[in-house]
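# Reading the structure
Residues per chain are reported as follows:
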Amino acid sequence: MTITETAVKKNLDFKRAALILLAFVCGGAVPIQLLTVSFGYAQYVKGVKPMMKAVPIAHEFASAIYIPFILLPALVALVLIVIYARNRYPDIARRILVGAAAGAVATISLDAIRLTGVVHGWLPADTPVPFGKLITGSDVMAVYFPVGVLAHYTFGANFGIFYAFVWGRRGSYGRAVLWGVIWALLVELGMMTLPPMAPALGPFGINYMWPHFFLTTLFAHILFGITLGLLVQHFLKKEDCGGPSTFLRGPA
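Definitions and cut-offs
Residue indices begin from 1 for each chain and proceed along its sequence in written order. Where totals are concerned, whole chains, interfaces and linings use all residues; where local detail is concerned, this predicted model gives features only for residues with pLDDT of at least 70, and gives and counts side-chain atom pairs only at 80 or more. In computing side-chain properties, one takes all heavy atoms of the structure into account and sets aside hydrogens as well as water. Axis definition: a line fitted to C-alpha atoms, limited for helices to the stretch in contact. Angles are taken between N-to-C directions and run from 0 to 180 degrees. Comment: elements are numbered from the N terminus, with helices defined as DSSP H or I runs of at least four residues and strands as E runs of at least two. Every angle not falling under 35 degrees, over 145, or within 65 to 115 is termed oblique; those three ranges are roughly parallel, roughly antiparallel and roughly perpendicular. Two helices cross in a left-handed way if the nearer one is turned anticlockwise from the farther one by less than a right angle. They cross in a right-handed way if the turn is clockwise. Only heavy atoms matter for contacts: two residues are in contact if any of them lie within 4.5 Å across the pair. Polar here means any residue outside two lists: the nonpolar Ala, Val, Leu, Ile, Met, Phe, Trp, Tyr, Cys and Pro, and the charged Asp, Glu, Lys and Arg; Gly therefore counts as polar. Any residue under 20% of the maximum accessible area for its type is buried, any over 50% is exposed, and the rest in between are partly exposed; the area is computed with a 1.4 Å probe on protein chains only. The patch calculation keeps residues exceeding 30% relative accessible area without a salt bridge and links them within 9 Å when they carry like charges or within 5 Å when they are nonpolar (Val, Leu, Ile, Met, Phe, Trp, Tyr). Using a 1.4 Å probe, accessible areas were evaluated by the Shrake-Rupley method; residue-level cover was limited to the displayed protein chains. The rule for a salt bridge is simple: a side-chain nitrogen of Lys or Arg has to be within 4 Å of a carboxyl oxygen of Asp or Glu. Only four residue types enter the tally: Lys and Arg on the positive side, Asp and Glu on the negative side; His and the chain ends are excluded. Identification of polar contacts relies on pairs of N or O atoms within 3.5 Å, with a donor-acceptor requirement for protein atoms, meaning one able to donate a hydrogen and the other able to accept it, and with residues adjacent in sequence counted only if both atoms are side-chain atoms. Whether two aromatic rings pair depends on their centres lying within 6.5 Å, for rings of Phe, Tyr and Trp, where Trp uses its six-membered ring; planes under 30 degrees apart make the pair stacked, over 60 edge-to-face, and the rest tilted. Any Lys NZ or Arg CZ found within 6 Å of a ring centre and within 35 degrees of that ring's normal is scored as a charge over the ring. Put simply, buried Ala, Val, Leu, Ile, Met, Phe, Trp, Tyr and Cys residues joined by side-chain atoms within 4.5 Å make one nonpolar core.

## So, the packing of helix H6 (residues 141-166) against helix H9 (residues 212-235)
- Running from N to C, H6 and H9 point in directions that differ by 55°, and their axes come no closer than 11 Å. Here H6 is positioned oblique relative to H9, judged by the angle of their axes. The crossing of H6 and H9 is right-handed. Contacts between H6 and H9 involve Gly156, Phe159, Gly160 and Tyr163 from the former and Phe224, Leu228, Gly229 and Val232 from the latter.
- Its residues assigned to classes, the contact of H6 with H9 comprises 5 nonpolar, 3 polar and no charged.

This is the structure:
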């Protein structure tokens with residue numbers, strides 16, 4: 001390999017790594033922070049702790065700053081990355097698409113338990129309600145509820161992309177399930193200790209329907225993790241095995 005060829009390879013490797021990191025931020029980090037940042041502003045900065053009472057303030061912040069200047073540009077960038085990578089870096093596009101689809105489908109399994117909690121009153125609200133009101137600022141169900149459902153599944157897709165990027169395809173289905181559950185437990189930990197849940201209900205929901213609220217979300221996320229791990233394992237290819245360092249280096 002000549003010096004010129006080596007330089008080109010290093011440049012391509014840098015471009016690949018930069019593309020992966022940008023996709024990771026746009027698809028694996030930015031979307032879910034809509035909740036924590038917007039509600040964090042309302043609950044910690046403005047001091048309005050109850051979740052539904054904090055929604056209008058969170059909406060003002062989200063609609064003025066986070067959605068137009070952070071979230072929407074990130075989602076557009078993610079779509080452009082997929083289009084650009086499909087022919088040049090197919091494994092990057094594959095991890096994004098498989099991760100997003102698996103995360104969205106896994107959210108259906110999560111909802112099987114979550115909706116049981118809603119019916120029994122173990123959860124403070126039906127998830128699409130605060131999500132939809134946060135984004136739209138509307139009190140009209142026909143407006144906020146479909147948007148809330150879309151946001152709910154988008155966040156699930158976001159967690160799926162995160163998993164596909166960090167863990168990729170595992171050595172077996174058993175290991176995929178294990179790491180999927182570990183990732184889901186980390187998500188549960190974040191949900192229980194960050195806005196909007198922790199300021200409103202106390203850490204791990206100790207101030208609301210304890211322990212029903214915590215156990216409902218815990219088992220819902222465990223089922224989410226199992227489903228996510230199995231789907232990602234099935235649809236990624238053998239060359240998608242390995243964690244971040246392997247992914248960044250690319251196919252041999």
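This is not the end of the story, as more comes after the structure.
## Structural notes on unusual backbone geometry
- Omega for the peptide link from proline 195 to proline 196 comes to 5°, which places this bond in the cis form.
- Cis peptide bonds are those with omega within 30 degrees of zero, and the linkage from tryptophan 210 to proline 211 qualifies with 0°.
- Within the secondary structure, proline 211 sits in the loop between helix H8 (197-201) and H9.
- Backbone geometry at phenylalanine 204 places phi at a positive 60°, although glycine is not the residue there.
- Mapped onto the elements, phenylalanine 204 comes out in the loop between H8 and H9.

## As for the environment of alanine 176
- Looking at the secondary structure, you find alanine 176 in helix H7 (residues 173-193).
- Residue alanine 176 is classed as buried on the basis of its relative accessible area, which comes to 1%.
- Considering only alpha carbons, one finds alanine 176 and glycine 225, 49 residues apart in sequence, at a separation of 9.2 Å.
- In contact with alanine 176, other than residues within four places in its own chain, are Tyr163, Arg170, Gly229 and Gln233.

## Concerning a nonpolar patch on the surface
- Together, Leu178, Trp179, Ile182, Leu186 and Leu189 line one region of the surface with nonpolar side chains, adding up to about 410 Å² of accessible area.
- Mapped onto the elements, leucine 189 comes out in helix H7.

## Quick word on the side chain of aspartate 91
- You can see aspartate 91 is positioned in helix H4 (residues 90-120).
- For aspartate 91, a relative accessible area of 7% gives the class buried.
- When near neighbours in sequence (up to four residues on either side) are disregarded, aspartate 91 contacts Arg16, Asp240, Phe247 and Pro251.

## Thoughts on the side chain of glutamate 188
- Within the element layout of this structure, glutamate 188 appears in helix H7.
- For the buried glutamate 188, no salt bridge is present, and the opposite-charge side chain at shortest range is arginine 114, 11 Å distant.
- Reaching out from glutamate 188, the side chain makes a polar contact with the backbone nitrogen of leucine 218 at a distance of 3.5 Å.
- The residues contacting glutamate 188, other than those within four sequence positions of it, are Phe214, Thr217, Leu218 and His221.

## Comments concerning the packing of aromatic side chains
- Here the structure, examined in full by the defined rule, presents 13 aromatic pairs.
- Note on phenylalanine 165 and phenylalanine 247: the rings are 5.1 Å apart at their centroids and 80° apart in plane angle, and the pair reads as edge-to-face. Linking phenylalanine 165 in helix H6 with phenylalanine 247 in helix H10 (residues 244-249), this pair joins segments that are 82 residues apart in sequence. Phenylalanine 247 shares its class with phenylalanine 165; the two are buried.
- Geometry around phenylalanine 247 places arginine 95 over its ring, the cationic atom sitting 4.0 Å from the centre.

## Describing the nonpolar core
- Leu34, Phe39, Ile92, Ile96, Trp183 and Leu228 are the most contacted members of the largest nonpolar core, which has 61 residues in total.
- Counting residues per element, this core draws most heavily on helix H3 (residues 51-88), which supplies 15 residues.
- With near-sequence residues (within four places) excluded, isoleucine 96 lies in contact with Ala23, Leu78, Ile81, Val82, Ile161 and Phe165.

Geometry only, nothing functional implied.
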